[in-house]
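Each chain is listed here by its residues.
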Amino acid sequence: MTLGEALAAARQKIDRLDARLLLQYATGCTHAELLASPETPVIAPAAAQFAEWVERRAAGEPLAYLVGEMEFRGRVFQVSPAVLVPRPETEVLVEEALARLRGIPVPRVLDLGTGSGIVAVSLALACPTAELVALDLSPVALAVATNNAGRLGARVDFRESDWYAALGEESFDLIVSNPPYIAAGDPHLAGDGLPFEPQMALTDGADGLACIRHIVAGAAAHLKPGGWLLFEHGYDQGEASRNLLTAAGFKAAQTFPDLAGTDRVSGGHL
Ligand code: GLN
């Protein structure tokens, strides 16, 4: 079988971009090589790997879990089914967080529910003077995050904790989080790839705001005066998030859209 034939066959079953990326991962070819030399034969082990991946992708497994990695803000992070697949909309959380750190010489930052560590590692690398503490309930997720920080050269203090529980008296200039915010039973949970992701990272098992309420309620005890809380949420949770922030005593509660123009991150400061 040639590269061109393998690609054409896969496109009958899965998205064309996914088919091309999986073929590149399986064969080690670049996109340019696929375009320039579609008549190149695919050796048997690569063909078998590709065929297996195409079947699994067709059955819904996210591409990131098949190949074991995913890019976020220009860096490659290793992922496993123990962590959420990094999503581009989370870049808004990182950008807004970085804007709050400017001007603070040695900012202390807390990341709640760090998962693969994309937010904490991105902040640590973009702001090298920052002291990052990143928490997660899942030891397996923490192992993924620790590995990512090590590979990318980020200094992050990872700890196992149920939200704020293991923190003690520590306080921070900024708290960030991408918590589970999809409501139980939301049809989106059955969407492409989501059934393969850790459900504890996607849904609170309630109305979608349970973890956000907990994060907002506990933030003041761990923020320095003037400190900021920023968290990601669903497209229809901006107003509820601002109301929770204001009720908890946060000032300038505001919502930031993602690149698709959807409400995605809310925050405020003490
Ligand atoms: N943005 C993700 C989705 O809609 C959910 C991420 C999360 O729950 N933190 O698939």
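Shown above is the structure to which this text applies.
Quick summary incoming for the structure in this document. Owing to the predicted nature of the structure, the values given are computational and were not obtained by experimental measurement.

1. A look at the pattern of salt bridges
As enumerated under the stated definition, the model contains 15 salt bridges in all. For Glu 52, the salt bridge identified is with Arg 56, shortest N-O distance 2.6 Å. One end of the pair is Glu 52 and the other is Arg 56, both in helix H4 (residues 44–58) and 4 residues apart, which spans about a single turn. Measuring nitrogen to oxygen at the nearest pair gives 2.6 Å for the salt bridge that ties Arg 57 to Asp 192. Separated by 135 residues along the polypeptide, Arg 57 in helix H4 and Asp 192 in the loop between strand S6 (172–177) and helix H9 (199–202) bring together distant segments of the chain. Using a relative accessible area of 57% as the deciding quantity, one classes Asp 192 as exposed. When salt bridges with common partners are traced through the structure, they connect Arg 108, Glu 131, Asp 157, Arg 159 and Glu 170 into a single cluster.

2. Overview of the nonpolar core
Residues Leu 123, Val 176 and Leu 230 are the most contacted members of the largest nonpolar core, which totals 31 residues. Breaking this core down by element, the ones donating at least two residues are helix H6 (91–101), helix H7 (118–126), strand S4 (131–136), helix H8 (139–152), strand S5 (156–160), S6 and strand S7 (223–232). Every residue in contact with Leu 230, bar those within four places of it in the chain, is listed here: Leu 93, Glu 96, Ala 97, Arg 100, Leu 174, Ile 175, Val 176, Ser 177, Phe 256, Val 265, Ser 266 and Gly 267. Listed in part, the 26 residues of the second largest apolar core include Leu 135, Ile 182, Leu 194 and Ile 212.

Reading the values: the criteria
Each chain carries its own residue numbering, running from 1 in the direction its sequence is written. Where local features are concerned, this predicted model is filtered to residues with pLDDT of at least 70; where side-chain atom pairs are given and counted, the filter is 80 or more; whole-chain, interface and lining totals use all residues. For the side-chain quantities, the full set of heavy atoms in the structure was used; hydrogens and water were omitted. The term salt bridge refers to a side-chain nitrogen of Lys or Arg lying within 4 Å of a carboxyl oxygen of Asp or Glu. Strands here are runs of E lasting at least two residues and helices are runs of H or I lasting at least four, both read from the DSSP assignment and numbered beginning at the N terminus. Exposed residues in this analysis have more than 50% of their type's maximum accessible area, buried residues have under 20%, and partly exposed residues fall in between, with area computed by a 1.4 Å probe over protein chains only. Only buried residues count toward a nonpolar core, which is a set of Ala, Val, Leu, Ile, Met, Phe, Trp, Tyr and Cys residues joined through side-chain atoms within 4.5 Å. Contacts: residue pairs with any heavy atoms within 4.5 Å of one another.

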